[in-house]
Amino acid sequence: MSDEKKDFIREIIAADIASGKHTAPITRFPPEPNGYLHIGHAKAIGVNFGLARQYADLGARCHLRFDDTNPVKEDEEYVESIKKDIAWLGYEWGDHLYFASDYFEYFYECAVALIDKGLAYVDTQTSDLLKEQRGNVKVPGTLSPHRERSLVENLELFKKMREGGFPDGGAVLRAKIDMASGNMNMRDPVLYRVVHARHHHTGDAWCIYPMYDFAHPLEDAKEHITHSLCSLEFENHRPLYDWVVDNCPVPSKPRQIEFARLNIGFTVMSKRKFIQLVEEKHVGGWDDPRMSTLSGMRRRGYPPEAIRAFVEHVGLTKQNSLSDFALLEFEVRSYLNKIALRKMAVLDPVKVVVTNYPEGESEIVTVPNNPENEADGSRELVFSREFWIEREDFMVDAPKKFFRLKPGGAVRLRGAYIIQHTGHVLDDQGEVSEIHCEFIPNTIGQSAPEGVQCRTAIHWVSCAEGVDAEVRLYDRLFTEEIPDNAEGGYLGCLNPDSLQVITPAKVEPGLAAMAPGERCQFERMGYFCADSEDHTFEKPVFNRIVTLRDSWGAKD
RNA sequence: AGACCCAUGGUGUAAUCGGUAACACAGCUGAUUUUGAUUCAGUCAUUCAAGGUUCAAGUCCUUGUGGGUCUGCCA
């Protein structure tokens, strides 16, 4: 990987190294274990772990830290899935795996230190009252009647909070900053709240939990993080972040830097919607191939290399942006095109009979596994009198620009002969049930003879040799109906408001020419992959990369 | 009485001390092609606006305009 791209964050880091402020950047990826990782997280992962990789020779590193300060939302299942997805993406945290919950005692000490300095107080008013006193963006807040409690009383009450002397919501610890600040985050923010809930990591050891704004800067400082990278919506939190670092006993002073999060058009990327889709069973689970979770993309066969390249391509700025999904697809195709082994498959079969090919005879044709890479070798297929082709590869009333098989026309069978249509049979419904052709001898590896027009090659599967394979068609889920003028043939649509699946993405059985016993997953928009038990892929396999956007046949 | 942030082609990003708009995706044209893919060639911007400083402004200053974030005991 070349990490030569530069951006405003890399410039800051380069300057910090040049000035001697830091010898190497130490970053962190701090997910809350309350859901699966999605493509949006890939950006933060790529940035943080990428930076550590770039400066590895200087001693840089990236910590994986679970920001588990809210027991009611978090679960062990998620920490496992998150670890797995990061590793799959190709990054490693080594020994640097941390849990914010391991610092609970430290947070508590810091809180006591703040109280000692007269910078924090226990407020026992209701949350409604606190909200009322906070004012709004135009109106300054009013002081809490508990703001001037004595040091001793605060210490006592805070201790009582820890010991379970208050019910949920009964008391909070607040920072004493500025109730008139234009920044709402500075209006005496809550530092600790009472939550009597079992924590997935610390069990019942605690009944008070620190708020993000208090815990996060302390976590960073404790781990000697140099550059704490987060998304733009935390910009207004930075003054509070700095306040905490400045007023607590910290071993180091991290710096928070914000960057724009990843947005992709028509793509579901909110945890809330993912949870709803899973719970209401619109999908099979967090790793359903239709989902834009990392585990879903893994099952669809998106290579991690492509996701990393996509993240790199999108770049790092402070501008709110909306990327095209086409950019991700481009990276997927571009990577897959180099390494994927081609197979031929027919999903909606129509039988073809080569009338001038002797019955009972057959021959072997050799087909390259990957035209882009000779080292991938070739495979042998049996060609004989009867085989299947895709129904849509033959048209009775073909438009002028249809290059595949049509009455009187010719087409190349991929890796084999050019065949010429001589006739076809219609069933009771008027559907084509069988096509009759004649093959043109000496056209394997040879161009079409004079007078024969052959513009393309189609897939075919020998009736005798082909195997049935479990084939599933998937479409991505979209946040809304794709406008007609958008390119491609989109199927699965999702209404953003009702979260109702308007057109359920297809999941259909089919027929594929795979090696006996091999399973495959056919992904409608382009390629299909061997879908192993744990949904990981050794080597992706695909046939029509052409059709990533279903352009095959979409043109007239 | 609001605070903070952002502003370059359809999209995402570039542009050293201010020096005359670059790359990729998508689109469109054409060529090649045993995947309508790939590959190759061509094509697509008066840098939000108005002033100002300057020999020179996407870059600096001013004022507007547009967009984003913030009023959880979520992160």
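Look above for the structure.
Let me begin by describing the structure that accompanies this report.

## Let's talk about the packing of helix α11 (residues 304-314) against helix α12 (residues 325-339)
Next up, step 1: Between α11 and α12, the shortest axis-to-axis distance is 8 Å and the interhelical angle comes to 135°. Relative to α12, α11 is oriented oblique. Where α11 crosses over α12, the handedness of that crossing is right-handed. Contacts from Glu305, Ala306, Ala309, Phe310, His313 and Val314 in α11 reach Leu327, Leu328, Glu331, Val332 and Tyr335 in α12.
Next up, step 2: Split by residue class, the contact of α11 with α12 holds 8 nonpolar, 1 polar and 2 charged.

## Some words on the packing of aromatic side chains
Next up, step 1: Going through the model one piece at a time under the given rule, you end up with 23 aromatic pairs.
Next up, step 2: With 5.8 Å between their ring centres and 75° between their planes, Phe104 and Trp206 make a pair best called edge-to-face. Within this pair, whereas Phe104 is found in helix α4 (residues 104-116), its partner Trp206 is found in the loop between β6 (190-194) and β7 (208-210), the two being separated by 102 residues in sequence.
Next up, step 3: For Trp206, a relative accessible area of 9% gives the class buried.
Next up, step 4: Each ring, one from Tyr106 and one from Phe107, has its centre 6.3 Å from the other, and the planes form 45°; the classification is tilted.

## Examining helix α3 (residues 76-89)
Next up, step 1: Given a rise of 1.5 Å per residue, 14 residues ought to cover 20 Å, and the 20 Å separating the end C-alpha atoms of α3 matches this to within 8%.
Next up, step 2: Looking at α3, one finds that the buried residues are Tyr78, Val79, Ser81, Ile82, Asp85, Ile86, Trp88 and Leu89.
Next up, step 3: Each element contacted by the buried residues of α3 is listed here: β1 (26-29), α2 (39-54), β2 (61-66), α10 (294-300) and α11.
Next up, step 4: Of the residues flanking the end of α3, it is Gly90, one or two places downstream, whose phi is positive at about 105°.

The rules we used
Residues numbered from 1 in each chain as written. Chains lettered and ligands numbered in written order. Predicted model: local features only at pLDDT ≥ 70, side-chain atom pairs only at ≥ 80, totals over all residues. Heavy atoms only, no water. Axes fitted to C-alpha atoms, helices over the stretch in contact; angles between N-to-C directions. Helix = DSSP H or I, 4+ residues; strand = E, 2+ residues; numbered from the N terminus. Parallel < 35°, antiparallel > 145°, perpendicular 65-115°, else oblique. Left-handed = near helix turned anticlockwise from the far one by under 90°. Contact = heavy atoms within 4.5 Å. Nonpolar A, V, L, I, M, F, W, Y, C, P; charged D, E, K, R; others polar. Phe/Tyr/Trp six-rings, centres within 6.5 Å; stacked < 30°, edge-to-face > 60°. Buried < 20%, exposed > 50% of the residue type's maximum accessible area, 1.4 Å probe, protein only. Expected span 1.5 Å × (residues − 1).

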